[in-house]
Amino acid sequence: MNRRKIGREQETLATEFVEKNGYRILNRNYWCPFSELDIVAKEGEYLCFVEVKYRKNDWYGGCEGAISMKKIRNMCQCARYYMAKENIPMDIPVRFDVILIVGEKLRLIKNAFSYTE
């Protein structure tokens, strides 16, 4: 199975997982000039931008280290772009969450990082 197909399958699992945890999905795989947002959702008052990281196992370290400062900056720029394109007020509470998938275990980290310019 190729990486792209595996990635889509894992993002589908992550989407189902956050829906079961009370999120309402707004978009998946939202592309902008800077990056891609895996999942855009609402949870309560928050607009959540969710990054999904998958590893078959943790032999070479976990998923946590796979989210670089560059990735964080790009996600933040993409989130701002999304909000502008969708006419979402900039004063709405925003959160950046991460779903880590190692093997078959999913872990949701809410507010994994803050907005970075």
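Remember, predicted model here, so these are calculated numbers, not experimental data.

A. Spotlight on the sheet that holds strand β3 (residues 46-55). Within the open sheet, the five strands sit side by side as β1-β2-β3-β4-β5. Their pairing is mixed. Looking at strand neighbours, the two that pair on one side only are β1 (24-31) and β5 (105-113), the edges of this open sheet. Strand-to-strand twist of the sheet, defined as the mean angle between neighbouring strand axes without regard to direction, takes the value 25°.

B. Fine view of the side chain of Asp38. If you trace the backbone, Asp38 turns up in strand β2 (residues 36-43). The buried charged residue Asp38 lacks any salt bridge, with Lys71 as its nearest oppositely charged partner at 5.7 Å. Here the side chain of Asp38 touches Val52 through a polar contact of 2.8 Å, landing on its backbone nitrogen. Asp38 has contacts with Glu11, Asn27, Arg28, Asn29, Val50, Glu51 and Val52, leaving out every residue within four places of it along the chain.

Basis of the calculations
- Residues numbered from 1 in each chain as written.
- Predicted model: local features only at pLDDT ≥ 70, side-chain atom pairs only at ≥ 80, totals over all residues.
- Heavy atoms only, no water.
- Pairing = 2+ DSSP bridges.
- Helix = DSSP H or I, 4+ residues; strand = E, 2+ residues; numbered from the N terminus.
- Axes fitted to C-alpha atoms, helices over the stretch in contact; angles between N-to-C directions.
- Buried < 20%, exposed > 50% of the residue type's maximum accessible area, 1.4 Å probe, protein only.
- Lys, Arg positive; Asp, Glu negative; His and termini not counted.
- Salt bridge = Lys/Arg side-chain N within 4 Å of Asp/Glu carboxyl O.
- Polar contact = N/O pair within 3.5 Å; in protein donor to acceptor, adjacent residues only side chain to side chain.
- Contact = heavy atoms within 4.5 Å.

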